[in-house]
2 protein chains.
Amino acid sequence: MDDRQPTLRDVAEAAGVAVSTASRALSRPGRISPRTEARVRDAADRLGYTPSASARALSSGRTSTVALVVPDVTNPFYFGLVRGTGARLRETGYVQVLVDTEESAEAEARALAGLRGTVDGAILASSRLDDDRLVRLASELPVVTVNRTVPGGAAPGVVLDTPSGIVQALEHLASLGHTRVAYAAGPRTSWSDSRRRAVLEPAAARLGLDVTVLGPYAPLRTAGPAAADAALQAQVTALVAFNDLLAFGVLERLEARGVPVPDQLSVVGCDDVFGADLVRPRLTTVALPMERAGRHAADLLVARLSGLGAPPGDPVVLPTHLVIRASTGPAPVR
Amino acid sequence: MDDRQPTLRDVAEAAGVAVSTASRALSRPGRISPRTEARVRDAADRLGYTPSASARALSSGRTSTVALVVPDVTNPFYFGLVRGTGARLRETGYVQVLVDTEESAEAEARALAGLRGTVDGAILASSRLDDDRLVRLASELPVVTVNRTVPGGAAPGVVLDTPSGIVQALEHLASLGHTRVAYAAGPRTSWSDSRRRAVLEPAAARLGLDVTVLGPYAPLRTAGPAAADAALQAQVTALVAFNDLLAFGVLERLEARGVPVPDQLSVVGCDDVFGADLVRPRLTTVALPMERAGRHAADLLVARLSGLGAPPGDPVVLPTHLVIRASTGPAPVR
DNA sequence: ATGAAAGCGCTAACAC
DNA sequence: GTGTTAGCGCTTTCAT
């Protein structure tokens, strides 16, 4: 009685059928007589058979694993996403490989190159790849993007309608009597940032707001103090930050300078990450349904991998909404 | 000119050598004449050759991937760990598969069963598996644990010396004049919690402290309010919480009840997760070198997988330290 | 409906 | 040092 893992051949022998029959019985139920199928299944779990993933991958060309590529696993912005894709992928029989590119396009490209062949497809979150490379990649590997579109619709994607959330924030501020507000921009290379800036102008005009763009700033807490000072200098009564992390740094600096929030300056964040309601005052911010985005992205990819699945087409856009907490209030009277 | 991926055979042909030679040249540099090796490498990247992971896995029996199994990816406690293992694993040529077991021993067992064969080994963080299953698993798959030991030393592991950090917290509180302190315990099944409780008694005696154990509580923010109320009821002047998440909830409740921290009650957390210095007052907490733990765990596993690597032996224990912030202060005079 | 047999791309003996 | 040759365990035509 040797202890090596039983192979399909062992199962076939035990069931008294050919390997091919056993293979069919196990991997494509239905194409086979119920009786033999039952016999095979029976033998299989009597022997404690577990198919070899690599053998299956080699002969079928499919690996049943997909990569989730994020710029920074420790950025709370991605938690929900990781959860969402992970859950859906598991449900559909895929294994998720989490890849951290450390905010570098190079590392992203390298990782993806190494993974080609190892994964059936990839979900790219906030990809740092430039359009060219993204398009090329999409032609070699089934890809779906999150918070980023591929030119020419080469890959399906899901995007969060953050611009709408930002407009909601502006409306909120306008309704509170603010007239001069600042937007602390994110990195110049941020796809999401440029989309938001496009809506700033028209929304401001419509609402009678005077919006000053500050930055760019790194989307980090450590960049916040500079943004806070710039806002103070700009004489605005409200600041909308590129993301919550930046807003945390802003709040910190304002506290240090003794500037009351929201009495003297209202602050709005974006993403509603873990911590947004831990800070004081609790942060008013734009909430993004990231877990849902993850499930959606996984669905899109799985559909493509299954052959079904409409060709790319327009990206799925998910709504966002402003969560009003304590960091925003009426404009100070002057 | 067909566009399928070039195989090792194509490379060999192009270089005018046998496949085996090409294989050696590419995967084990040194065992071959420098000239042929150069020729092969050359041909390889001229053709844009990428080895097939599954073929390699099938014939070698190694997959070059390892699983990192955590109870909850979205728990900030694991961020550093994920980073650390990921970084080290990447450096050593492994791909990391992140598995979220959603706090369930069943899910953990199931995931691991499905992964056997897909991964060369696994790093188990705060495994929810009972000793029996853990031992059995360790006999089937190279495993290293983090924050948990396997009975009989069946698997190497790295443990965080949290008990020492807790003692530091107690010393800190004693030095501030506190005499009655509470410990809000974690889940009864928590290995880490039981280790800490073991040091409570002796440390308290030595320091002349009266320590009351409250709980158990879920290690979540939502469990905090109950812990806060219990502490108030217990008439203590300081509370040490099982983890920061729980402490966050405690702080919240105290704020709601108008209890000044630390003036009336000092609060200590554990883990120093993201957010600990976002709350007000900033949380005094025990900092754990999780990223380092991750790198260490990865090293341990890689060593075992490479054949070298001393047999299990004692777990590596990493020091922790108390980070004093604003949530602790002198005991109130009475 | 089932079986026989040919690989998938690579590694690892084993010869030379 | 390099070539030959078996497989690794499975899926998949192609027959039957």
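Everything below is about the structure printed above this text.
Residues numbered from 1 in each chain as written. Chains lettered and ligands numbered in written order. Predicted model: local features only at pLDDT ≥ 70, side-chain atom pairs only at ≥ 80, totals over all residues. Heavy atoms only, no water.

Let us look at the sheet that holds strand E4 (residues 143-146) of chain A. All names here are of chain A. Read across the open sheet, the 6 strands follow the order E2-E1-E3-E4-E5-E11; overall the sheet is parallel. Of all the strands in the sheet, the pair left with one neighbour each is strand E2 (95-100) and strand E11 (316-318). Neighbouring strand axes in the sheet, compared pairwise and without regard to direction, differ in orientation by 15 degrees on average. Here 6 bridges tie strand E1 (residues 65-70) to E2, and the two strands are oriented parallel to one another. Across the sheet, Val66 pairs through a bridge with Gln96, a residue of E2. (Pairing = 2+ DSSP bridges. Helix = DSSP H or I, 4+ residues; strand = E, 2+ residues; numbered from the N terminus. Axes fitted to C-alpha atoms, helices over the stretch in contact; angles between N-to-C directions.)

The subject of this paragraph is the interface of chain A and chain B. Contact residues are listed per partner, giving 38 residues for chain A and 38 residues for chain B. Taking both partners together, chain A and chain B bury about 3,400 Å²; carbon and sulfur atoms supply 57% of that area. Together, Arg83(A), Phe274(A) and Leu278(A) form the three largest contributors to the area buried by chain A at its contact with chain B, with a combined 19%. For the interface between chain A and chain B, the tally reads 12 salt bridges. Run the count over chain A and chain B and you get 11 residue pairs in polar contact (both at pLDDT 80 or more). Of all the elements in the fold, those that place two or more residues in the side of chain A that touches chain B are helix H4 (53-60), helix H5 (79-91), E2, helix H6 (105-115) and helix H11 (244-257) of chain A. Partitioned by chemical class, the residues of the side of chain A that touches chain B number 18 nonpolar, 8 polar and 12 charged. (Contact = heavy atoms within 4.5 Å. Buried area = accessible area lost by both parts, 1.4 Å probe. Salt bridge = Lys/Arg side-chain N within 4 Å of Asp/Glu carboxyl O. Polar contact = N/O pair within 3.5 Å; in protein donor to acceptor, adjacent residues only side chain to side chain. Nonpolar A, V, L, I, M, F, W, Y, C, P; charged D, E, K, R; others polar.)

Mapped onto the fold, Gln96(A) is located in strand E2. What makes Gln96(A) buried here is its relative accessible area of 8%. A distance of 3.1 Å separates a polar side-chain atom of Gln96(A) from the backbone nitrogen of Gly86(A). When near neighbours in sequence (up to four residues on either side) are disregarded, Gln96(A) contacts Val66(A), Leu68(A), Val82(A), Thr85(A), Gly86(A), Leu89(A), Val97(B) and Leu98(B). (Buried < 20%, exposed > 50% of the residue type's maximum accessible area, 1.4 Å probe, protein only.)

This part takes up the packing of aromatic side chains. The final tally for this structure, using the stated rule, is 6 aromatic pairs over all chains. Each ring, one from Phe79(A) and one from Phe79(B), has its centre 4.2 Å from the other, and the planes form 40 degrees; the classification is tilted. With Phe79(A) in helix H5 and Phe79(B) in helix H5 (residues 79-91), this pair bridges two chains. Owing to a relative accessible area of 10%, Phe79(A) belongs among the buried residues under this scheme. The interplanar angle of 75 degrees and the centroid separation of 5.0 Å between the aromatic rings of Phe77(B) and Tyr78(B) together place this pair among those described as edge-to-face. Owing to a relative accessible area of 10%, Phe77(B) belongs among the buried residues under this scheme. With relative accessibility at 4%, the residue Tyr78(B) sits in the buried group. (Phe/Tyr/Trp six-rings, centres within 6.5 Å; stacked < 30°, edge-to-face > 60°.)

Turning our eyes to something else, we now look at the pattern of salt bridges. This structure, assessed with the given rule, holds 46 salt bridges over all chains. Glu252(A) serves as the salt-bridge partner of Arg221(A), at 2.9 Å between the closest nitrogen and oxygen. Pair noted here: Arg221(A) is in the loop between strand E7 (210-214) and helix H10 (224-233) and Glu252(A) is in helix H11, with a separation of 31 residues, a long-range link. Each of Arg221(A), Glu252(A), Asp277(B) and Arg282(B) takes part in salt bridges that share partners, so that together they form one network.

Glancing now at the packing of helix H1 (residues 8-15) of chain A against helix H3 (residues 34-47) of chain A. Residue and element names in this part refer to chain A. At a minimum axis distance of 8 Å, the contact between H1 and H3 shows a crossing angle of 125 degrees. Between H1 and H3, the crossing angle belongs to the class labelled oblique. For H1 against H3, the interelement crossing comes out right-handed. On the side of H1, the interface is formed by Asp10, Val11, Ala14 and Ala15, while H3 contributes Arg39, Val40, Ala43, Ala44 and Leu47. (Parallel < 35°, antiparallel > 145°, perpendicular 65-115°, else oblique. Left-handed = near helix turned anticlockwise from the far one by under 90°.)

The next thing to look at is the relation of the copies chain A and chain B. Its rotation angle being 180 degrees, the transformation that places chain A on chain B also includes 0.2 Å of axial translation and leaves an RMSD of 0.2 Å. Here the two chains are linked by the operation of a two-fold rotation axis. Here 100% of the interface residues in chain A have copies in chain B that are interface residues too; the copies meet face to matching face. (Least-squares fit on C-alpha atoms with pLDDT ≥ 70 in both.)

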